[in-house]
Amino acid sequence: MKKILFIFIINLFPAQESWNLQKCLDYASTNHPLIKQATVNIQKNDRQIAASKGMLLPSVNAGVNHSYSFGSSINQSNNQREALNTQYDQVFAQANAELFNWKNYLNISLSKLNKTTSTYKLKQAQNEVKLNVIQTFFAYQNSKSWLDVLETQISGIEEQIKRTEKEVEIGNRSKSDVYDIKANLGTLQEQWVSAKNQRDLAKINLLNALNLQDDSIDFVMAEEGLLSENFSDSEFTQKLIENNPAYKTILAEIQAQEKNISIERSGYLPTLTGNYSWSTFYNKFLGNNQSVNINFADQFSQNKNQSVSFGLNIPIFNKFQVKNNVEIAKLNVINSNYDKDLIVNDLTKSINSIKAQFLNAQEKYNLLELNFENQRLSFQKSEEKYKEGLMDAYTFFVVRNNWLQANYNLINSKNDVMQQTELLKILKNGF
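Residues numbered from 1 in each chain as written. Predicted model: local features only at pLDDT ≥ 70, side-chain atom pairs only at ≥ 80, totals over all residues. Heavy atoms only, no water.

Right, let's get into the nonpolar core. In terms of nonpolar packing, the biggest core is built from 45 residues, with Val133, Leu210 and Phe219 touching the most fellow members. Other than its neighbours up to four places away in sequence, Leu210 contacts Trp19, Cys24, Tyr27, Ala28, Val133 and Phe219. The next biggest cluster of nonpolar side chains, apart from the first, holds 10 residues, and it includes Leu147, Leu150, Ile181 and Leu188. (Core = buried A, V, L, I, M, F, W, Y, C linked by side-chain atoms within 4.5 Å. Buried < 20%, exposed > 50% of the residue type's maximum accessible area, 1.4 Å probe, protein only. Contact = heavy atoms within 4.5 Å.)

This is how it looks when you write it as structure tokens:
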């Protein structure tokens, strides 16, 4: 019965799903709200392009008017004012078209440039989300590794206290050995509480970076070897900048601002419009004059009217509005170029920082790898001395913890190298 109950509980609570870094990046790059917003903006740009093209088409309207008039009014039969009560019905259709307006063509080009900008912004948003995920992922892994080290230390010191107390009972160790070890247990337990809180906060930050509310995922490190990067190319930083979506975004925005200058200048150009209209009406006398009414079909045919018109609008003076709008558009281009300089400056800083951190992390890892081996050998020798009674318990405890600390430092350093490698991958992929 207990076995059946245990199986039921296991089936009721499914096992935690494990995600490595790549799984996190794949999920965030499609499900994060910033990515979804950027995707919607591209769809909006598609509609704006269609709307801009639609301005080249004519607008067509049709309608029906039905009205009553009482008292003095115009007799539609002889065009004289009389005291009449009438019913008036009109049917009409009209079409208007801008036969030439250069601004409409420029707006189509601007809409296409805006879509290109939104496409770059989508990739930029994906990169920003991925960079944040990478940093929070490794922050969580480091905090988890430190907690594991402290748990191992606490477990080891508790076992060592038990062994030392037994040795004290048989006279192989002095009582002071127990006091020395217990004195450090409280400190380790306090560090463990802080490390546990740090790990929990790091996981909350990672879940937030992924836009996940359900804390049911176990984030694990993939077994991957360390990669080396070649920074000998003198144009390494410049190539990454030119391939970065943030840089391409600002270039597209500058093109759009330059297109705005042409759009504002189109206000100096004339526009040509065309109009076509068709209409007919039915007029019915009410009251004593109904006998003079003409039937609906005859009036519908007799009163038909068509008109075609063309208009040329030549701007002469517009209160300097076009001139000022052109100058403002030029200033926007200048401002966008300053934005480009800021972006280049920020990207240069970020790329060079990651490059420096990668090289430092790689060098540190090589040194810690050698130190770890020395600490391991020191621990083995100290363990032999402790078993032979040639080393006191506290000194052995310190040596053991130094070895565990070296193990954590090596893991942390390796994670740092991998983190900088992943950050470089994002920057190198560009667009």
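Geometry of an aromatic ring pair is reported as the spacing of the ring centres plus the angle between the planes. For the coordinates displayed, the defined rule picks out 9 aromatic pairs. Each ring, one from Trp102 and one from Tyr105, has its centre 5.7 Å from the other, and the planes form 35 degrees; the classification is tilted. Placement of both Trp102 and Tyr105 in helix 4 (residues 102–169) is noted, with a separation of 3 residues, approximately one turn of the helix. Classification of Trp102 as partly exposed rests on a relative accessible area of 40%. For the pair Trp146 and Tyr408, a centre-to-centre distance of 5.1 Å together with 50 degrees between the ring planes defines the contact as tilted. (Phe/Tyr/Trp six-rings, centres within 6.5 Å; stacked < 30°, edge-to-face > 60°. Helix = DSSP H or I, 4+ residues; strand = E, 2+ residues; numbered from the N terminus.)

Right, let's get into the environment of Lys130. Note on placement: Lys130 falls in helix 4. Separated by 109 residues in sequence, Lys130 and Leu21 have C-alpha atoms that sit 9.9 Å apart. With residues up to four places along the chain from it excluded, the contact list for Lys130 reads Leu25, Ser29 and Ile426.

Mapped onto the elements, Lys144 comes out in helix 4. We note that Lys144 is buried and unpaired, the nearest opposite charge coming from Asp218 at a distance of 4.1 Å. Discounting residues that sit within four places of it in the chain, Lys144 has contacts with Arg199, Asp218 and Phe219. (Lys, Arg positive; Asp, Glu negative; His and termini not counted. Salt bridge = Lys/Arg side-chain N within 4 Å of Asp/Glu carboxyl O.)

Turning our eyes to something else, we now look at unusual backbone geometry. One non-glycine residue, Lys319, adopts positive backbone phi at about 60 degrees. Mapped onto the elements of the fold, Lys319 is located in the loop between strand 6 (305–313) and helix 9 (321–387). Here the phi dihedral of Phe320 falls at roughly 65 degrees; this positive angle occurs in a residue that is not glycine. Residue position: Phe320 is located in the loop between strand 6 and helix 9. Taking relative accessible area as the criterion, Phe320 reaches 49% and is therefore assigned partly exposed.

Taking 1.5 Å per residue as the helical rise, helix 9 with its 67 residues ought to reach 99 Å, and the 93 Å between its terminal C-alpha atoms agrees with that figure. Just downstream of helix 9 lies Gly389, where phi reads positive at about 80 degrees. (Expected span 1.5 Å × (residues − 1).)

Below, the discussion takes up helix 7 (residues 245–265). Three- or four-residue spacings in an α-helix give side chains the same orientation, since the helix completes a turn every 3.6 residues. Taking 1.5 Å per residue as the helical rise, helix 7 with its 21 residues ought to reach 30 Å, and the 30 Å between its terminal C-alpha atoms agrees with that figure. For helix 7, every residue scored as buried is listed here: Pro245, Ala246, Tyr247, Thr249, Ile250, Ala252, Ile254, Ala256, Ile261 and Ile263. Sitting at the amino-terminal end of helix 7 is Asn244, which places a side-chain oxygen 2.9 Å from the backbone nitrogen of Ala246. (Polar contact = N/O pair within 3.5 Å; in protein donor to acceptor, adjacent residues only side chain to side chain.)

Looking at the protein, pLDDT values average 85 and 89% of them are 70 or higher. Taken together, the stretch residues 1–13 has pLDDT below 50 and engages in 0 contacts with residues farther than four places along the chain or on a different chain. (pLDDT = per-residue confidence, 0-100.)

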